[in-house]
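Reading the structure
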Amino acid sequence: MAESFSATERAFYEKVMQRASLPDIYDAKDLTTVVFRTMRDLMSTDTDQQTEAAFKNADMADIWRDDNPIVSFLSRFRPPLEIDSELFLRRIKQEGGVPKNVTPEAVVIAVFSTARESISDEQAKEISKTLPDGLRVMWEQI
């Protein structure tokens, strides 16, 4: 079943695909979902909602929002999770099914850099505060 993307979604996923050297746009979508879900797991509900609202385009807010209704609902009631950089990257690799010739770091950098283009510097600083040290360095250097 072919999924149709808006022009904004397609442009976002194509950038992620190219920057991470992924084989197709569907890998970029799936891996973006896992990166964003893991990022949201580090955030308070307020920061998650502020981030969603900070995207300059409604389609970008849709990409940020979790498409799993159960995960989305439950995340509103739990505190931020304690996830270090190693666990973050392991989740991307395992849950996202990172292709063999691609590193989880490359995926995270591709998603981070593409997402940063769509938010303000102020919101980027708020997101940075939620990231574990190693990922914070990646986020800030992009």
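Residues numbered from 1 in each chain as written. Predicted model: local features only at pLDDT ≥ 70, side-chain atom pairs only at ≥ 80, totals over all residues. Heavy atoms only, no water.

Points about the environment of Trp 64
Threshold: We count a stretch as a helix when DSSP gives it H or I for four or more residues in a row; a strand needs E for two or more, and each element gets its number in order from the N terminus. Contacts: residue pairs with any heavy atoms within 4.5 Å of one another.
Looking at where Trp 64 falls in the secondary structure, it is placed in helix α4 (residues 58-64). Placed 13 residues apart in sequence, Trp 64 and Phe 77 show a C-alpha to C-alpha distance of 18 Å. Ignoring anything within four residues of it in the chain, the contact list for Trp 64 reads Phe 36, Met 39, Arg 40, Met 43, Asp 48, Thr 51, Glu 52 and Phe 55.

Structural notes on helix α7 (residues 104-116)
Note the cut-off: In a helix, the anticipated span is given by 1.5 Å times the number of residues less one. Burial here depends on accessible area, computed with a 1.4 Å probe over protein chains only, as a share of the maximum for the residue type. Under 20% is buried, over 50% is exposed, and the range in between is partly exposed.
Here α7 is 13 residues long and its end C-alpha atoms lie 18 Å apart, about the 18 Å a rise of 1.5 Å per residue gives. All of the buried residues in α7 are Pro 104, Val 107, Val 108, Ala 110, Val 111, Phe 112, Ser 113, Thr 114 and Ala 115. In the core, the buried residues of α7 are packed alongside α1 (7-20), α2 (25-41), α6 (85-96) and α9 (133-141).

Examining the packing of aromatic side chains
The criterion, for reference: Pairing of aromatic rings covers Phe, Tyr and Trp, the last counted by its six-membered ring, and requires centre-to-centre distances within 6.5 Å; plane angles under 30 degrees mean stacked, over 60 mean edge-to-face, and any other angle means tilted.
Going through the model one piece at a time under the given rule, you end up with 8 aromatic pairs. A centroid spacing of 6.1 Å and a plane angle of 50° characterise the contact between Phe 12 and Phe 36, whose relative ring orientation is tilted. In this pair, Phe 12 sits in helix α1 while Phe 36 sits in helix α2, placing the two residues 24 residues apart along the sequence. On the basis of relative accessibility, which here comes to 4%, the residue Phe 12 falls in the buried class. One aromatic cluster is present, formed by Phe 5, Phe 12, Tyr 13, Tyr 26, Phe 36, Phe 55 and Trp 64 through successive ring pairs.

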